[in-house]
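# Chain and residue survey
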Amino acid sequence: MDNVREAYEHLEKKVLNYNPGLNIQRLRSAFEFAENAHRTQTRKDGSPYITHPIAAAEIVADMGLDEDAVIACLLHDVIEDTSIVYDEIAKKFGVSVANLVDGVTKLTRVVYTTKEEEQMENLRKMLMAMAKDIRVILIKIADRLHNMRTMEYHAEKKRREKALETMEIYAPIAHRLGMQKIKWELEDLSLLYLDPVGYREITDALESRRETFDSFMQSIQERISERLEESGIKCKVYGRIKHIYSIYRKMYSQNKELSEVFDLCAFRVIVDSIADCYNVLGHIHDLFKPVLGRFKDYIGTPKPNMYQSLHTTVIGTEGIPFEVQIRTWEMHHTAEYGIAAHWKYKEGIDRHADEEKFAWVRSLLEAQQDTDAMDFVQELKINMFADEVFVFTPSGDVINLPAGATPIDFAYSIHSAVGNRMTGAKVNGRMVPYDTELQNGDIVEIITSGASKGPSRDWLSIAKSSEARSKIKQWLKKEKREENIIHGKAAFESELRRNNLMTTFTEREDILPAILKKLSFATLDDMYAAIGFGGMTATRAVNRIRDELIKAAKPSHDKLLLDRINQQPAEAQQKVGKASNGIIVEGVENCLVKFSRCCAPVPGDDIVGFITKGYGVSVHRSDCPNYLNSRARPEEADRWIRVSWANSGKESYQTVLSLTAKDREHLVIDIATTLAAIKAKVRALSVREIEGGLAVAQISMEVGDRDELRFAINKLSAIPGVNEVRRGGV
Ligand code: MN
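Residues numbered from 1 in each chain as written. Predicted model: local features only at pLDDT ≥ 70, side-chain atom pairs only at ≥ 80, totals over all residues. Heavy atoms only, no water.

### With respect to helix α7 (residues 95-109)
Over its 15 residues, α7 extends 21 Å from the first C-alpha to the last, a length consistent with the 21 Å expected when each residue adds 1.5 Å. Taken together, the buried positions of α7 are occupied by Val97, Ala98, Leu100, Val101, Gly103, Val104, Thr105 and Leu107. (Helix = DSSP H or I, 4+ residues; strand = E, 2+ residues; numbered from the N terminus. Expected span 1.5 Å × (residues − 1). Buried < 20%, exposed > 50% of the residue type's maximum accessible area, 1.4 Å probe, protein only.)

### With respect to the coordination of the manganese ion
Here the manganese ion is held by His52 (NE2), His76 (NE2), Asp77 (OD) and Asp143 (OD), and the distances to it run 2.1 to 2.3 Å. Sequence positions of the donors to the manganese ion reduce to the motif H-x23-H-D-x65-D. Highlighted residues: His52 in helix α3 (residues 51-62) and Asp77 in the loop between α4 (67-74) and α5 (78-81), separated in sequence by 25 residues. Overall, the relative accessible area of 6% leaves Asp77 in the buried class. (Donors = N, O, S within 2.8 Å, 3.2 Å for Na, K, Ca; no water.)

### Considering the packing of aromatic side chains
Overall, the coordinates contain 11 aromatic pairs when judged by the stated rule. When the ring of Tyr8 is compared with that of Phe31, the centres are 4.4 Å apart and the planes differ by 10°; the resulting orientation is stacked. Linking Tyr8 in helix α1 (residues 2-18) with Phe31 in helix α2 (residues 24-37), this pair joins segments that are 23 residues apart in sequence. Summarising the aromatic geometry, the rings of Phe216 and Phe322 are spaced 6.0 Å apart at their centres and angled 75° between planes, so their arrangement reads as edge-to-face. Here Phe322 lies in strand β6 (residues 321-328) and Phe216 lies in helix α13 (residues 210-230), a separation of 106 residues in the sequence. According to the relative accessible area criterion, Phe322 is buried, its value standing at 0%. (Phe/Tyr/Trp six-rings, centres within 6.5 Å; stacked < 30°, edge-to-face > 60°.)

### Looking at the packing of helix α11 (residues 180-194) against helix α14 (residues 244-253)
If you want to describe how two helices pack, look at the angle between their axes and the distance between the axes. For the pair α11 and α14, the least separation of the axes is 8 Å and the interaxial angle reads 60°. Taken together, the axis directions place α11 and α14 in an arrangement best described as oblique. Of α14, the residues touching α11 (which contributes Glu187, Asp188 and Leu191) are Ile244, Tyr245, Tyr248 and Arg249. The residue inventory of the contact of α11 with α14, partitioned by class, reads four nonpolar, no polar and three charged. (Axes fitted to C-alpha atoms, helices over the stretch in contact; angles between N-to-C directions. Parallel < 35°, antiparallel > 145°, perpendicular 65-115°, else oblique. Contact = heavy atoms within 4.5 Å. Nonpolar A, V, L, I, M, F, W, Y, C, P; charged D, E, K, R; others polar.)

### Some points on the sheet that holds strand β20 (residues 722-727)
Spatially, four strands are ordered β18-β19-β17-β20 in an open sheet, and the strand pairing comes out antiparallel. With partners counted over all chains shown, the strands left at the sheet margins are β18 (681-690) and β20, one partner each. Shown here is a sheet whose adjacent strand axes are inclined to one another by a mean of 15°, direction ignored. Packed on one face of the sheet, helix α34 (residues 706-717) meets β17 (653-662), β19 (694-703) and β20 and runs near 165° to β20. (Pairing = 2+ DSSP bridges.)

### Quick look at the sheet that holds strand β13 (residues 593-595)
If you walk across this open sheet you meet the five strands as β12-β16-β14-β15-β13, and the pairing is mixed. Because the sheet does not close on itself, it has two edges, and the strands there are β12 (583-585) and β13. Shown here is a sheet whose adjacent strand axes are inclined to one another by a mean of 35°, direction ignored.

### Observations regarding the pattern of salt bridges
Per the stated rule, a full pass over the model turns up 28 salt bridges. When the shortest N-O distance is used, the salt bridge between Glu32 and Arg5 registers 3.6 Å. With Glu32 in helix α2 and Arg5 in helix α1, the pair connects residues that are 27 residues apart, well separated along the chain. Classification of Glu32 by relative accessible area gives partly exposed; the value is 36%. (Salt bridge = Lys/Arg side-chain N within 4 Å of Asp/Glu carboxyl O.)

### Some words on the environment of Tyr307
You can see Tyr307 is positioned in the loop between β4 (296-297) and β5 (310-315). Taking the C-alpha atoms as reference, Tyr307 lies 10.0 Å from Arg327; in sequence the two are 20 residues apart. Polar contacts involving the side chain of Tyr307 include one to the side chain of Ser309, which spans 3.3 Å. Looking at Tyr307, its side chain comes within polar contact range of the side chain of His311, at 2.6 Å. (Polar contact = N/O pair within 3.5 Å; in protein donor to acceptor, adjacent residues only side chain to side chain.)

### Structural notes on the side chain of Asp143
Structurally, Asp143 is set in helix α9 (residues 134-149). Using a relative accessible area of 4% as the deciding quantity, one classes Asp143 as buried.

### Brief notes about the packing of α11 against helix α16 (residues 329-337)
Put simply, α11 and α16 touch, their axes get as near as 4 Å, and they point 35° apart. On the side of α11, the interface is formed by Gln180, Lys181 and Ile182, while α16 contributes Ala335, Glu336 and Tyr337. Residues belonging to the contact of α11 with α16 are distributed by class as follows: three nonpolar, one polar and two charged.

### Focus: the nonpolar core
With 112 residues, the main nonpolar core has Met63, Leu75, Ile89 and Ile141 as its most contacted residues. It is α9 that contributes the most residues to this core, nine residues altogether. Other than its neighbours up to four places away in sequence, Ile89 contacts Phe33, Leu75, Val78, Ile79, Ile84, Gly94, Val97, Ala98 and Val101. (Core = buried A, V, L, I, M, F, W, Y, C linked by side-chain atoms within 4.5 Å.)

### Comments concerning a negative patch on the surface
On the surface, a cluster of negative charge is made up of Glu201, Asp204, Glu257 and Glu260. A relative accessible area of 42% means that Glu201 is categorised as partly exposed. (Patch = residues over 30% accessible without salt bridge, like charges linked within 9 Å, V, L, I, M, F, W, Y side chains within 5 Å. Areas by Shrake-Rupley, 256 points an atom, 1.4 Å probe, with all protein chains shown as cover. Lys, Arg positive; Asp, Glu negative; His and termini not counted. Charge placed at Lys NZ, Arg CZ, Asp CG, Glu CD.)

### Some points on the state of the cysteines
Applying the stated criterion across every chain yields a total of zero disulfides. Looking at Cys599, it has no disulfide partner, and the nearest cysteine sulfur is the one in Cys624, 3.7 Å off. Residue classification places Cys599 among the buried positions, given a relative accessible area of 8%. (Disulfide = S-S within 2.5 Å.)

Below, the structure is given as structure tokens:
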């Protein structure tokens, strides 16, 4: 326990050193809180668990992060590994610390599986975007670095897994954030577990030539130092052997032995000003012969991760090439700690130049003009992927969608067939409404069914990606054809009926091919679609049929058939009986007509009239159960009379629809939206729950005719979760 206390005190001293304003009591109570929370746990090496958060916090302190970040790092495993919850941390250490711990916990829970490079890139982006606050990533990197340093105590399998994840996810993130020193260490530690033999080969070879390297580096270092001292340039010169993984990569990518890899040594000259950098470069090129094409000016043109330095490769005394990096102290800290150094050494930096070199946080910097360095870090959010969201498929693939994307976008990004057959969506195992906004790291599962009615038009306003929208539109266009066919068929049949040709036509299907050929349609559906679309009138089609029927009847002198064909159309009868309420009652003029409530007929329905005792004629559908029952009763049989629809088309007719659906949020809104979209005249809409998690909606509405009603039923049926839409009340 003394070791633990010592380790903590070392940390405290380190933080106090760069942050004299530290609230020591607060840091200490975070340490004690974490120590207590982890008290029953030990690390693989047998030491108390708290040694890990302290060591990770040391790394965070090396980065120079603020008090909240150091505290959050001490607490980073308590939500994941102990019974402590968010609220407790928020109460004790504030919401800011609690959010950081929560963020690290979420990253820890992301499941990693090996994927192709493109997938890895998305996974990296997802982690960055999930973190929201850059400090979450930095704490996570510190956590991972310490775990990698102590990985030897783990089983072989776990070591390899973690090493691979570190190599593919965390080292590139460290690189992106410009944290060169940490990136190197992560890479070397990963390599140690991924290819221990290759790793040892290099370290052994380097070790065996240690003396040669040492004396070589020392002599070069001295020559450079002396020369610069003579010239009055204040500087520090360091020599080092490049990190193992970079040597390893060179050996394997160029298929070389270590002895064939030159350029193993690198020197670093650190000076006070940019002007001195270029001065030093001149002296270096004067001392040693530069290798052509190897000079790079990352001061004039910084790397995207804001790295700056002058790089040159020169040939040393024994013909051995080596690299020299020349930079200022500020550039050096930036190179070591990347974004973390950004606020640490912010004081006294030309802010404008600073913005230039770190393009992706520029907008944030501009918004932060007047806040001090510590506030800046609090506000610094990763907004580089603000317009994207990264989610998982159930099998762990990362899908990249525009921000605000919904399960509909997700489904169509998998495949249009998945979108078109979607009947439900789960996010993190829970059923969600289609308009749910997906969050980074969500696991999204789409439920499909062959019985799906396909996308509905309102999906277009829910989908955020142009891909999903265009696929939905494509489907609707195809569906429109089906709608057109339905409309066209109804219009055609009604025209046939009006001309009393319905029966005749169905009896003489053999004339159909000739008719279609005359009208230039391949199929009957094509003809219906054209009628529905308005490309041809139903009258024209029926006239054609009449002609064909006459032609067919003539050779056989089919008297009966001809009689039927030449029968007066209904229109002629209409002139005899005067329409009342849109209805022509056979043989009766100006009678009172009302529509029965039981079946609420609309134009296009086959109808019959019933002479009531007080109110004239009541109109029923010919398939109305009341009519069918009544007809069976002899005493009522002669009260049923023939009625037909007048051709007015201007009136509207009230009808009732019942809709059964899975009871869910927004159901009423979806129904109302759909009804509004088709401009239905709704008189009343009520929804109530019934057993089995279902809901029943009763919709009283006015429609112009049967086609309009069919259209409405069609649309309502397409609402997600709707099982059935039928005419009549409940
Ligand atoms: Mn940890």
